[in-house]
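Residue strings, one per chain:
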Amino acid sequence: MLKILLSLGLLMGSLFAKETLTIYTYDSFAASWGPAPLIKKAFEKKYDCKLKFVATDSAIGAFRKVQLEGKNTKADIVLGLDTNTAELARKSGLFAKHHTDTSKLSLPIKWNDDTFVPFDYSYFAFVYDSNKLKNAPTSFDELANMPKNFKIIIEDPRSSTPGLGLLLWVKATYGNKAGAYWKKLAPHILTITKGWSEAYNLFLKGEADMVLSYTTSPAYHIIEEKKYNYKTANFKAGHYAQIEIAGMLKSSKHKDLANKFLNFMLSDEFANIIPTTNWSYPVVKTKKGLPKAFSLLYVPSKMILMNGKTVEKNRKAYINEWLKALAR
Amino acid sequence: MLKEYWRFKGSLIPGLFVSFALLTLAVLLFLTLFGATDANTTIFGALNQRVIGLLKFTLFQATLSTLFSALLGTLLAWSLAHQPRFFSRSLLIALFSSSLVLPTIIVVFGLITILGRNGWLNHLSNYLFHHSFEGFLYGLSGILIAHTYLNASFAARGLLHSFESIPKERYKLAKSLGFSTFKRFVIIEFPAIKSTLFSISSTIFLLCFTSFAIVLILGGNPSYNTLEVAIYEAVKLDFNISFALELAFVQLSISVILVIFSSSLKTSVSNIKMQESVIPWRDAFGVRVLQKITIFISGLFFILPLVAIFHDGITADFTHIIKSVVFIKSFSTSIIIASISSVITVFFTLFLANSKRNFALYYRIPKSGIGKLLAFLISFSGTLYLAIPSLVLGLGFFLLSQRFFAPANFWATFALLSANILMSLPFSLSVLYPSMLKTAKRYDKLCFSLGISGYERWKYCEWPYLKESIGYVLALSFCLSLGDLGVISLFGNQDFSTLPWYLYGLMGSYRNSDASGVALILLVLVLSIFIFVPKLFKGDGFAKN
């Protein structure tokens, strides 16, 4: 009898207090101008629940926070890691398998990860100002052979995902000779910043000719500022992709709702929010299609992506090679 | 011996209490962190080749940075002291202090606007001489320039006070003895500023030693990193907390050496600034020109980057910024946190300094091993946190918050408040301690013989001479506390954000125009605090000199 009453009480309780889903993510995703507010509105309306985003300084930061909180974590989902850092998260054993039908994904690669679900992607690329630079390099070799005073700004692979992306991009391109390439490129590197934001702001100040960013970065300038002069240096041999992912935690007490959210990431509603808030491509094709400005963007003819397991196994060695090559 | 200690219990106990509380907090944080590691931690296991390389470079860089900051700071303070009527001098002095307390990222961007590859200097020189200095701001030179920029003005501000405290009779005497300007500096001025100079220099050294954002953004090369970067890598990427702790210990041991070094320096001269007074010595024409040029050029060097922040921010859409709910929240959080932590900082500093001076005045408490140890503990507890990476500090607080349950925002507030106080203490101590030592030397005999103590003593003998420094320390710690990025990163959420955190978020999502606007708001806020708060403390107060 007591049991029935209790479960009735619980049922009543859940009828009145809406279930809350908590997502840990990186700051610009959760920002008031980021995707989070729009996604929250759409998801809460659809599933009559509450959605809470908790921002940390980076996606890795969000994941580390979950690790530190252990079993007591309030997080149900960690959102924002990418394929290069997925293994590091998977190894922790904290993530549960998803129940999302990933067959309707329209990614440049086939997706067969049973733990993580992608929610957006873009390609790393060097961005330049076409008012100042006429002949942008079309390959890494051309980049290293630019005139002496041609300078680029990159991010540190130890503290930034674009930085790690470039490291892997060069590694995938040059293999054993990656170290030698970094040595050749070194005189053109004006500086190496902690994160994307410092690098990009330095570039906008006109400090360097190019900055490591994304192929989708020019869309921001076109849509928000009506500026058409920011372009990407298009490398014929292909561009390294960044596919951002989300995963549900084993410790989650709202697995049902969490699964609904992972599914929701592949919905038209979610996909329509992504391009102009996170400035990247959604992972499914929608009826509405992409904003017009996106048709002006360069789509790499070839996508480069290193296997996540290879990355995790060799990350330390790659970073050491990079450090050694650039050491003075 | 106990009798002597007992005699000064009133001044000893509060300071020692604060000091032990700070040390306990540090020990608690480290124990919590140790609990999270695999326990087989050896302190010197961390010293692999790369770490040694970083350590060597960091020592080199920090030494040079400190040297330049101290030299420029002394030169500037000397010039200002001898040019009491220089145009808009007091505004200049207020501006000098603001660079240290603005979020580094803003200052660095201001500096880049002036000296960067695409900066005003290069444009000017291109226009005039068809020559560009290119990217001289990147690399070792950039690190040194930025560190000198940030710290020399702080040093100048502190030293100026020491210069102005030199009794005018000494100048008169020196003049009658026919001293040259140089001899005057060596015999009269240097001994008077020495203790302040060394205490400020060791603070500057630690600041440069642990510098993070600057070495990354201007260093241009991973060889020019500091240990902080390695710590960041260990915590974030490898999640190797024990390695991070080992690195933190290496950093701590260096700060211990520094504290021992700087506290062993004797403070010899007892001067306190009496009133606004002009040094009774009119220098030769050449010297005066040199002083004026120094002030003018360093004025340009220190103020132009602030002008650049103004210039970049003024075009921002302020109605749009101010309307944002997140902005209002961050703004009010920052103001509230800063008000509370700056007041607590001032009290803590007064307690610590009041306690510490007992051990430096041997007629109060005779020299002894225990006295030395206690004096060291007080200095150490005050500067300790300069050496603890904010990332490690934040991690420690976060683990504590996991262990001891409390309402959601309690730990965030506690961590932020503590971090702010701990961060401001070294600066406020380096400003207030020398002054308090001097008031003690000057008034102890009088007070002891007349039996003036407690509130009376404070009101007539301490406050009139300390109030100006207290006003400055209050402003300084308020601005330092407006927001720290390292500690809040693990606690941040929609309900809890500070102004610099908000600014960094804007920068991280293409919103550089809004970011410049917020930077300008921060600059105006900091400047007004620096100009108006010390003014409140300047008035006649209780006692007239």
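1. Things to note about the overall build of chain A
Piece 1. Scanning chain A from terminus to terminus reveals 13 helices and 12 strands.
Piece 2. In terms of overall dimensions, chain A is globule-like: its C-alpha atoms have a radius of gyration of 21 Å, near the 20 Å expected for 328 residues.
Piece 3. Expressed as lengths along the three principal axes of its C-alpha atoms, the size of chain A is roughly 85 × 40 × 35 Å.
Piece 4. Expressed as a percentage of the 328 residues in chain A, the buried residues total 60%.
Piece 5. Residue pairs at least 24 apart in sequence account for 77% of intrachain contacts in chain A once pairs closer than 6 positions are excluded.

2. A closer look at the overall build of chain B
Piece 1. Along its length, chain B carries 22 helices and zero strands.
Piece 2. Among the 545 residues that make up chain B, the fraction classed as buried is 60%.

3. Some points on the nonpolar core
Piece 1. Within the largest apolar cluster, 296 residues are counted, with the highest numbers of intra-cluster contacts made by Phe29(A), Phe126(A), Phe140(A), Leu143(A), Trp182(A) and Phe261(A).
Piece 2. The dominant element in this core, judged by the number of residues it contributes, is helix α18 (residues 408-450) of chain B, at 17 residues.
Piece 3. Setting aside its immediate chain neighbours within four residues, Phe140(A) contacts Phe126(A), Leu166(A), Trp169(A), Val170(A), Thr173(A), Tyr174(A), Tyr181(A) and Phe235(A).

4. Considerations on the interface of chain B and chain A
Piece 1. At the junction of the two partners, chain B supplies 54 residues and chain A supplies 55 residues.
Piece 2. Buried area between chain B and chain A, both sides added, is near 5000 Å², and the carbon and sulfur share of it is 56%.
Piece 3. Applying the counting rule to chain B against chain A returns two salt bridges.
Piece 4. Across the pair Arg117(B) and Asp209(A) runs a salt bridge whose closest N-O atoms are separated by 3.6 Å.
Piece 5. One can count 14 residue pairs in polar contact (both at pLDDT 80 or more) joining chain B with chain A.

5. A closer look at a nonpolar patch on the surface
All names here are of chain B.
Piece 1. There is a patch of nonpolar side chains on the surface, built from Phe285, Val289, Ile293, Phe296, Ile297 and Leu300 and spanning about 600 Å² of accessible area.
Piece 2. Tracing the backbone through its elements, the reader meets Leu300 in helix α13 (residues 285-313).
Piece 3. Here Leu300 falls in the partly exposed class, since its relative accessible area comes to 40%.

6. Remarks on the domain arrangement of chain A
Residue and element names in this part refer to chain A.
Piece 1. Along its sequence, chain A is organised into domain 1 (13-121 + 242-296) and domain 2 (123-240 + 301-326).
Piece 2. Computed over C-alpha atoms only, the centres of domain 1 and domain 2 are separated by 26 Å.
Piece 3. Facing the 19 residues of domain 1 at the interface are 23 residues of domain 2.
Piece 4. When the buried area of domain 1 at its contact with domain 2 is split by residue, Asn84, Gln242 and Trp279 rank highest and sum to 41% of it.
Piece 5. Here domain 1 and domain 2 share one salt bridge between them.
Piece 6. Note that Glu312 is salt-bridged to Lys91, the shortest N-O span being 2.9 Å.
Piece 7. In this structure, the connection of domain 1 to domain 2 is made through five residue pairs in polar contact (both at pLDDT 80 or more).
Piece 8. The set of elements that each furnish at least two residues to the side of domain 1 that touches domain 2 consists of α5 (86-90) and β10 (239-249).
Piece 9. Its residues assigned to classes, the side of domain 1 that touches domain 2 shows 11 nonpolar, five polar and three charged.

7. Section: the packing of helix α3 (residues 49-82) of chain B against helix α11 (residues 227-237) of chain B
Residue and element names in this part refer to chain B.
Piece 1. Orientation of α3 relative to α11, taken along the N-to-C sense of each, is 145°, at an axis distance of 9 Å. The segment α3 lies against α11, with Arg50, Val51, Leu54, Leu55 and Thr58 engaging Leu227, Ala230 and Glu233.
Piece 2. Here the residues of the contact of α3 with α11 are counted per class, giving five nonpolar, one polar and two charged.

8. Concerning the packing of aromatic side chains
The geometry of an aromatic ring pair is captured by two quantities: the separation of the ring centres and the angle between the planes.
Piece 1. Here the structure, examined in full by the defined rule, presents 47 aromatic pairs over all chains.
Piece 2. Aromatic pair Phe119(A) and Phe270(A): ring centres 6.4 Å apart, planes at 80°, arrangement edge-to-face. Of this pair, Phe119(A) sits in strand β5 (residues 116-129) while Phe270(A) sits in helix α12 (residues 268-277); the two residues are 151 residues apart in sequence, bridging distant segments of the chain.
Piece 3. Here the aromatic residues Tyr26(A), Phe29(A), Phe43(A), Tyr47(A), Phe53(A), Phe119(A), Phe261(A), Phe264(A) and Phe270(A) are joined through ring pairs into a cluster of three or more.
Piece 4. The ring of Tyr24(A) has Lys65(A) sitting right over it, with the charged end atom 5.3 Å from the ring centre.
Piece 5. Just above the ring of Tyr472(B) sits the side chain of Arg157(B); from NZ or CZ to the centre is 3.7 Å.

9. Some details on the environment of Leu71(B)
All names here are of chain B.
Piece 1. Considering the arrangement of structural elements, one finds Leu71 in helix α3.
Piece 2. Under the relative-accessibility criterion, Leu71 is labelled exposed at 57%.
Piece 3. It is 9.8 Å that separates the C-alpha atoms of Leu71 and Leu197, two residues lying 126 residues apart in sequence.

10. A few points about the pattern of salt bridges
Residues and elements named next belong to chain A.
Piece 1. A full pass over the atoms with the stated rule returns 15 salt bridges over all chains.
Piece 2. The partner of Asp113 in a salt bridge is Arg90, with the nearest N and O atoms 2.8 Å apart. Remark: Arg90 occurs in helix α5 and Asp113 occurs in the loop between β4 (95-96) and β5; sequence separation between them is 23 residues.
Piece 3. Looking at Asp113, the relative accessible area reads 13%, which means it is buried.
Piece 4. The exposure class assigned to Arg90 is partly exposed, which follows from its relative accessible area of 25%.
Piece 5. With a closest N to O distance of 2.9 Å, Asp156 and Arg158 form a salt bridge.
Piece 6. Through salt bridges with shared partners, a single ionic network connects Glu87, Arg90 and Asp113.

11. Overview of the domain arrangement of chain B
Residue and element names in this part refer to chain B.
Piece 1. The domains assigned to chain B are domain 1 (1-35 + 316-545) and domain 2 (61-216 + 266-313).
Piece 2. Tallying the contact residues gives 38 residues for domain 1 and 39 residues for domain 2.
Piece 3. With both chains or domains summed, domain 1 and domain 2 bury close to 3400 Å², and 72% of this area falls on carbon and sulfur atoms.
Piece 4. Our count for the domain 1 to domain 2 interface comes out at zero salt bridges.

12. Considerations on unusual backbone geometry
Residues and elements named next belong to chain A.
Piece 1. In the Ramachandran plot, Lys226 falls in the positive-phi region, its phi being about 55° despite a non-glycine side chain.
Piece 2. In this structure, Lys226 sits in the loop between α10 (217-225) and β9 (230-233).
Piece 3. Given the relative accessible area of 59%, Lys226 is considered exposed.
Piece 4. Its identity is not glycine, yet Trp279 carries a phi of approximately 50°, on the positive side.
Piece 5. Tracing the sequence through the fold places Trp279 in the loop between α12 and β11 (281-282).

13. Thoughts on the packing of helix α7 (residues 140-164) of chain B against α13(B)
Helix-helix packing is characterised by the crossing angle of the two axes and by the distance between the axes.
Residue and element names in this part refer to chain B.
Piece 1. Direction vectors running N to C along α7 and α13 enclose 105°, while the axes themselves pass 10 Å from each other. As summarised for this structure, α7 and α13 are arranged roughly perpendicular, according to the angle between their axes. Between α7 and α13, the contacting residues are Ile145, Thr148, Tyr149, Ala152 and Ser153 on the first element and Phe301, Phe302, Pro305 and Leu306 on the second.
Piece 2. Class assignment of the residues belonging to the contact of α7 with α13 gives a composition of seven nonpolar, two polar and no charged.

14. Regarding the environment of Leu107(A)
Residues and elements named next belong to chain A.
Piece 1. Mapped onto the elements, Leu107 comes out in the loop between β4 and β5.
Piece 2. Judged by its relative accessible area of 13%, Leu107 is buried.
Piece 3. Taking the C-alpha atoms as reference points, Leu107 and Leu79, 28 residues apart in sequence, are found 18 Å from one another.
Piece 4. Residue contacts for Leu107: discarding those within four places in its chain leaves Pro118, Tyr121, Ile243 and Val283.

15. Let's talk about the confidence of the model for chain B
Regions with low pLDDT should not have their predicted coordinates read in detail.
All names here are of chain B.
Piece 1. Mean pLDDT for chain B: 80, with 89% of residues reaching 70 or above.
Piece 2. Taken element by element, chain B is modelled with least confidence in helix α20 (residues 485-488), mean pLDDT 66, and with most confidence in α3, mean pLDDT 89.
Piece 3. Segment residues 541-545 is flagged for pLDDT under 50; beyond a separation of four residues in sequence, or across chains, it makes nine contacts in the model.
Piece 4. Reported for the predicted complex are a pTM of 0.84 and an ipTM of 0.81.

Conventions and cut-offs
- Residues numbered from 1 in each chain as written.
- Chains lettered and ligands numbered in written order.
- Predicted model: local features only at pLDDT ≥ 70, side-chain atom pairs only at ≥ 80, totals over all residues.
- Heavy atoms only, no water.
- Helix = DSSP H or I, 4+ residues; strand = E, 2+ residues; numbered from the N terminus.
- Rg over C-alpha atoms; globule rule 2.2 N^0.38 Å.
- Buried < 20%, exposed > 50% of the residue type's maximum accessible area, 1.4 Å probe, protein only.
- Contact = heavy atoms within 4.5 Å.
- Core = buried A, V, L, I, M, F, W, Y, C linked by side-chain atoms within 4.5 Å.
- Buried area = accessible area lost by both parts, 1.4 Å probe.
- Salt bridge = Lys/Arg side-chain N within 4 Å of Asp/Glu carboxyl O.
- Polar contact = N/O pair within 3.5 Å; in protein donor to acceptor, adjacent residues only side chain to side chain.
- Patch = residues over 30% accessible without salt bridge, like charges linked within 9 Å, V, L, I, M, F, W, Y side chains within 5 Å.
- Areas by Shrake-Rupley, 256 points an atom, 1.4 Å probe, with all protein chains shown as cover.
- Domains from an automatic or database assignment.
- Nonpolar A, V, L, I, M, F, W, Y, C, P; charged D, E, K, R; others polar.
- Axes fitted to C-alpha atoms, helices over the stretch in contact; angles between N-to-C directions.
- Phe/Tyr/Trp six-rings, centres within 6.5 Å; stacked < 30°, edge-to-face > 60°.
- Lys NZ or Arg CZ within 6 Å of the ring centre and 35° of its normal.
- Parallel < 35°, antiparallel > 145°, perpendicular 65-115°, else oblique.
- pLDDT = per-residue confidence, 0-100.

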